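Fold and contact review
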Amino acid sequence: MNVAIEKSDVVIVGAGLAGTSAALQCRRAQLKTVVLTKVHPLRSHSGAAQGGINAALYERDTSAHRNDTIKGSDYLADRDAVETLCCTAPEIIADLDMHGAVFSRTSEGKIAQRPFGAQGTARTCYAKDRTGLVCLQTVYEQAVREGVDFRCEWYVLDLLYDPLEGRVYGVTAMDLRNSRIHLIQAEAVLFATGGYGRAYSRTSNAHANTGDALGIILRNGLALEDMEFVQFHPTGLADTGILISEAARGEGAYLLNSSGERFMLGYDPGKGELSSRDIVSRACETEIREGRGVGPRKDAVYLDLRHLGARIIKERLPELYSMAMTLQGENMLDQPIRVAPTTHYSMGGIPTDLHGQVRDHRGSPVYGLFAAGECACVSVHGANRLGGNSLLEAIVFGRRAGRRIASILTEAAGHHGTGGPSRAGSRTREATEDDASPAFRRISNFYSGDQQGSFYPLRKQLQQLMTAEAGIFRSREGLEDARRRLHGIAGQLHRTKVKDTSPCFNTELQEALEFENMVLYAAAIIESGLHRRESRGAHSRTDFPRHDDENYLAHTFFHFEESEPVLDYHPVRSPESAQEKKIGT
Amino acid sequence: MAPDSVRLNIFRYDAFRGESHSYDCYDLTYHQNDQLLDVLEMIKTEIDHSLSYRRSCRHGICGSCAMKVNGKPVLACSTPVRDLVREFGPKLTVDPLDQSRVVRDLICDMDMFWEKYTRSAPFLEPVTVQASSPGPAAAVSAEPLDDGKTPLIPLIFSGSTNAIDDADHCIMCGACYAACPVVPLQPDFLGPAAITRSYRFIKDVRDAHPGRLAAVGEAGSGVWECIKCLKCTEVCPKQIDPFSKLSRLHQEVLRSGSSPGGIRARHTSGFQLNLLLNGLLNEFPLAVFAMRFRMITMLRRGIRMFLHGKLVINPLRPRSRGYRQIRRLMRRSR
């Protein structure tokens, strides 16, 4: 086996906003920090966020932001996490601004804020409609300034995890340029791999959003939290699912059905188009299903921006204007554009505490393993995320995880010298060549002799299956059918073959490995959804249309035991525990 | 709408195979709103799984999928096939951005590009000012906010960020870099993307990094290498117009007087001086001004030009009649 072994203090997987924010903190604490990313950091999907980032800048305090977030989460968010998120927000905006982010401003020089869905006041700071790009550049560039070691176009295959000790000691990764396998031993590993929208056929997500860490977590017998909560954004471009930001409605755009009626006024008379995303998505979907859709296949509704006028559109929404024009051939100045709900964000993910420390299905810490950003579940978004809270979450909790890692490692170094025992009281295990064998096995499975057929048709099947059965509306029959068919897909996957044998940018192999992860966490979405017999936030069961607070005001924890799915439930953390946790953060 | 057909010739290569490159030909149909990337994905998932290219966001914001179609750099995800067919006809040739740096199919080694980006010090160094001092940066807090203090929300006049002129919306796709004819000839040239990045920070009132202007004025790597062909502006998929930024830096470097910048810079300032003095171009003194002692190397050519009547050496060459007006115009245009 041709394996390279190296050592670092910290390995961070993913270089979007969360990963890079964490790296910056680790680097400032003089830790050796390696960031692995399968795309260049500036190509991360954080940069695609359009609308903005929430912060109670000019409000009396942050309580309104907190209350909106909790209400928006359909009361499933952990109160202490939300408190942390909202309190830190103004500081994050100031920090970004000080380090170069060019936020749009009011004529008095204040940072401009636009109204976003389900929030009582205009609280979303923005840089035109390229907020994510500006934030990502700012944080990445500061990381460059600090000299973070970015390994671009490296793909992570596995975690080095010792289940007996309950301790992580590194990762296995592949350099995509030459397919060389590397073992990187580290005191702390942070996953920040982002969302998994690619598991659905209609998605706003980038090709890179395959949620790799989630598959790796499940393969190692660890748990995922609240996977049934998948956000569908109400306004994706009808043909492709590519996002038209909530900023459009924030600036005043209308949603219209085939008879030209502003149908949202019927579903939520108070907030109209600016209701929370789960409600607007369900409304759009209902209009379409009941035959009031528009477009050649009647599978869309209209988003009408014409009354905003050319000046506002070109000044505040320039990207949206050119996207609708290029991708759908529709000029939003003269005509309403066709939009439909699209898979957008994963509220669930790897369970962590307020410091990014990963927990297992019992809620106890997995030493050495951290997670932040969309791949993690703290949980600040509960059953439904508010627009403008995702960039914020990535930075706030990325930073917190980075700081926690830094304090643990420097503390350990202070007591025992560098590389000393970690908090678990045990020495970090040494990585050996054998640790790479699961990764090699995974790869060679795709090349063994008698197999044939490609995984690409299977991937398409899975994506369509998820959109149809684990989409906006779900039911027991649908989810059970999905479970059965997923089982079939998983079985067939082992009989497929990767034809490309080149070691250089073998994207077919990479996509096959990504798909393998997808099959694992798709099971988590389906099973968690099947067992939550209520409707809450983005999880909407046609057979259980109401809340069931008595049984389900709790977080779902999903993991595999001997390849069998196991579900546990943990209570939502209360405001009281928030008070306790605030001390010493 | 009925699909139309297109023929794609796609560049194929694998650095590990050591064979020379080839083109694979695919006849396909495309729909009204299909982008080039949609068609490539169709090939990748249904016809030839080994075709490799970079892609991610699908809507022109991540900058991964820049490639050349019939020689023109485009972002595959936001270039409708119908537009390409309208421009080039139904036969399209798809190439990597830079054939000399290709490693696999449409994937190039971008290390050089990123190295130049890093060399331009692409990060803000926050100004440290007294909170009470006047000026646009007045309320920028000087303290790093890591200490948990309640931060001051900075006040910056909206006008003061307008000078950045969208330069911060560059997505680093490398299209301008691939289109620039100077880059292959002058490997040290930073190129339009990195210089646009420098511009972005030079124009930021919050930046305190010293010597950015001197760096872009440096001979061999900086703005003087630009030959003003406007290719970068022509191909930029985000309409950032790198050329106008570069040309504004030209003027600023000259005005700051900080950098002589070698022959090209002296040629520019000599040109200006010439016009200011006489309202006419007097080439011989201009050449001496720009090349200094290196004029020796031009001696032979100079003599031959003189003998053929191509070189007029007349230090007393008269002024243009309207030279005052020219001078006034030049002053005003600054």
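Quick notes on the rules
- Residues numbered from 1 in each chain as written.
- Chains lettered and ligands numbered in written order.
- Predicted model: local features only at pLDDT ≥ 70, side-chain atom pairs only at ≥ 80, totals over all residues.
- Heavy atoms only, no water.
- Core = buried A, V, L, I, M, F, W, Y, C linked by side-chain atoms within 4.5 Å.
- Buried < 20%, exposed > 50% of the residue type's maximum accessible area, 1.4 Å probe, protein only.
- Helix = DSSP H or I, 4+ residues; strand = E, 2+ residues; numbered from the N terminus.
- Domains from an automatic or database assignment.
- Contact = heavy atoms within 4.5 Å.
- Buried area = accessible area lost by both parts, 1.4 Å probe.
- Salt bridge = Lys/Arg side-chain N within 4 Å of Asp/Glu carboxyl O.
- Polar contact = N/O pair within 3.5 Å; in protein donor to acceptor, adjacent residues only side chain to side chain.
- Nonpolar A, V, L, I, M, F, W, Y, C, P; charged D, E, K, R; others polar.
- Axes fitted to C-alpha atoms, helices over the stretch in contact; angles between N-to-C directions.
- Parallel < 35°, antiparallel > 145°, perpendicular 65-115°, else oblique.
- Expected span 1.5 Å × (residues − 1).
- Phe/Tyr/Trp six-rings, centres within 6.5 Å; stacked < 30°, edge-to-face > 60°.
- Lys NZ or Arg CZ within 6 Å of the ring centre and 35° of its normal.
- Patch = residues over 30% accessible without salt bridge, like charges linked within 9 Å, V, L, I, M, F, W, Y side chains within 5 Å.
- Areas by Shrake-Rupley, 256 points an atom, 1.4 Å probe, with all protein chains shown as cover.
- Pairing = 2+ DSSP bridges.
- pLDDT = per-residue confidence, 0-100.

Counting 132 residues, the largest nonpolar core has Ile53(A), Leu96(A), Leu190(A), Ile405(A), Leu8(B), Ile10(B) and Leu40(B) as its most contacted members. Here the element with the most residues in this core is helix α11 (residues 390–416) of chain A; it accounts for 11 residues. Of the residues that make up this core, three or more belong to each of domain 1 (4–108) and domain 2 (112–256) of chain B. Apart from the residues within four sequence positions on either side, Ile10(B) is in contact with Ser22(B), Tyr23(B), Asp24(B), Tyr26(B), Leu40(B), Ile43(B), Leu51(B), Val94(B) and Leu106(B). Residues Ala213(A), Ile443(A), Ala482(A) and Phe560(A) belong to the second largest nonpolar core, which totals 83 residues.

Okay, the domain arrangement of chain B next. Residues and elements named next belong to chain B. Parsing chain B into structural domains produces domain 1 (4–108), domain 2 (112–256) and domain 3 (263–332). Taken together, the contact between domain 1 and domain 2 spans 10 residues of the former and 11 residues of the latter. Carbon and sulfur atoms supply 67% of the area buried between domain 1 and domain 2, which totals about 780 Å² over both sides. Applying the counting rule to domain 1 against domain 2 returns zero salt bridges. If you look at where domain 1 meets domain 2, you find one residue pair in polar contact (both at pLDDT 80 or more). Mapped by element, the contributors of at least two residues to the side of domain 1 that touches domain 2 are β3 (66–69) and β4 (72–75). Split into classes, the residues belonging to the side of domain 1 that touches domain 2 amount to six nonpolar, two polar and two charged.

Attention now goes to the packing of helix α13 (residues 456–469) of chain A against helix α14 (residues 476–493) of chain A. All names here are of chain A. Contact pair α13 / α14: the axes reach a minimum separation of 10 Å and the direction vectors enclose 170°. In this view, α13 runs roughly antiparallel relative to α14, as classed from their interaxial angle. Contacts between α13 and α14 involve Leu458, Gln461, Leu462, Leu465 and Glu469 from the former and Gly478, Leu479, Asp481, Ala482, Arg485, Leu486, Ile489, Gln492 and Leu493 from the latter.

Moving on to α13(A). With 14 residues, α13(A) extends 20 Å between its outermost C-alpha atoms, agreeing within 8% with the 20 Å of an ideal straight helix rising 1.5 Å per residue. Among the residues making up α13(A), those that are buried are Tyr456(A), Leu458(A), Arg459(A), Leu462(A), Gln463(A), Leu465(A) and Met466(A). The secondary structure elements touched by the buried residues of α13(A) are α14 and α15 (507–531) of chain A together with α1 (36–47) of chain B.

Attention now goes to the packing of aromatic side chains. With the rule as written, the count across this model stands at 12 aromatic pairs over all chains. For the pair Tyr200(A) and Phe232(A), a centre-to-centre distance of 5.8 Å together with 80° between the ring planes defines the contact as edge-to-face. Highlighted residues: Tyr200(A) in the loop between β9 (180–191) and α5 (212–219) and Phe232(A) in strand β11 (residues 230–237), separated in sequence by 32 residues. Across this residue pair, the class does not change: Tyr200(A) and Phe232(A) are buried. Relative to Trp114(B), the ring of Phe113(B) has its centre 5.3 Å away and its plane inclined at 70°; by these criteria the two rings are edge-to-face. The exposure class assigned to Trp114(B) is buried, which follows from its relative accessible area of 12%. Taken together through their ring pairs, the aromatic side chains of Phe113(B), Trp114(B), Tyr117(B) and Tyr177(B) make up a single cluster. Seen from the ring of Tyr58(A), Lys110(A) lies directly overhead, with NZ or CZ sitting 4.9 Å from the centre. The side chain of Arg114(A) reaches across the aromatic face of Tyr126(A), ending 3.8 Å from its centre.

For the rest of this paragraph, the subject is a nonpolar patch on the surface. Residues and elements named next belong to chain B. Taken together, Leu299, Ile303, Phe306, Leu307 and Ile313 make up a surface patch of nonpolar side chains, about 530 Å² in accessible area. When you line up the elements, Leu307 lands in helix α13 (residues 299–307). Judged by its relative accessible area of 66%, Leu307 falls in the exposed class.

This part is about the interface of chain A and chain B. Facing 74 residues of chain A, the contacting portion of chain B comprises 71 residues. When chain A packs against chain B, the two sides together hide about 5800 Å² of surface, and 53% of this comes from carbon and sulfur. Considering only the side of chain A, the residues that lose the most area to chain B are Arg43(A), Met98(A) and His207(A), jointly responsible for 15% of the buried surface there. Here Arg130(A) and Asp166(B) are joined by a salt bridge, their closest N and O atoms 3.8 Å apart. For the pair chain A and chain B, the number of links is 36 residue pairs in polar contact (both at pLDDT 80 or more).

Where charged atoms from two side chains of opposite charge come close, those side chains can pair. Following the criterion strictly, the structure yields 75 salt bridges over all chains and no others. For Arg306(A), the salt bridge goes to Asp304(A), with nearest N and O atoms at 3.0 Å. By relative accessible area, Asp304(A) is classed as buried at 7%. Here Arg101(B) ties to Asp98(B) by a salt bridge, and the two come within 3.9 Å at their closest N and O atoms. Of the residues examined, Arg101(B) reaches a relative accessible area of 35% and is grouped as partly exposed. A relative accessible area of 28% places Asp98(B) in the partly exposed class. It is possible to trace a salt-bridge network through shared partners that takes in Asp500(A), Arg12(B), Asp24(B), Asp48(B), Arg104(B) and Asp105(B).

To continue, consider the sheet that holds β11(A). Residues and elements named next belong to chain A. With respect to topology, four strands assemble into an open sheet ordered β11-β14-β13-β12, the strand pairing being antiparallel. Taken across any chain shown, the strands that pair with only one partner, and hence form the sheet edges, are β11 and β12 (254–256). Along the sheet, successive strands turn relative to each other by an average axial angle of 45°, direction set aside. Across six bridges, β11 lies against strand β14 (residues 337–346) in antiparallel orientation. By the bridge assignment for β14, Phe232 is matched with Thr343. Sheet contacts for helix α10 (residues 318–328): β11 and β14; angle to β11, the most-contacted strand, approximately 75°.

Quick look at the confidence of the model for chain A now. Residues and elements named next belong to chain A. Within chain A, residue pLDDT values average 93, and 96% of them lie at 70 or more. Within the model, the stretch residues 417–425 combines pLDDT values under 50 with 16 contacts to residues more than four positions away or in other chains. Contacts for the low-pLDDT stretch residues 576–585, under 50 throughout, to residues beyond four places or in other chains number nine contacts.

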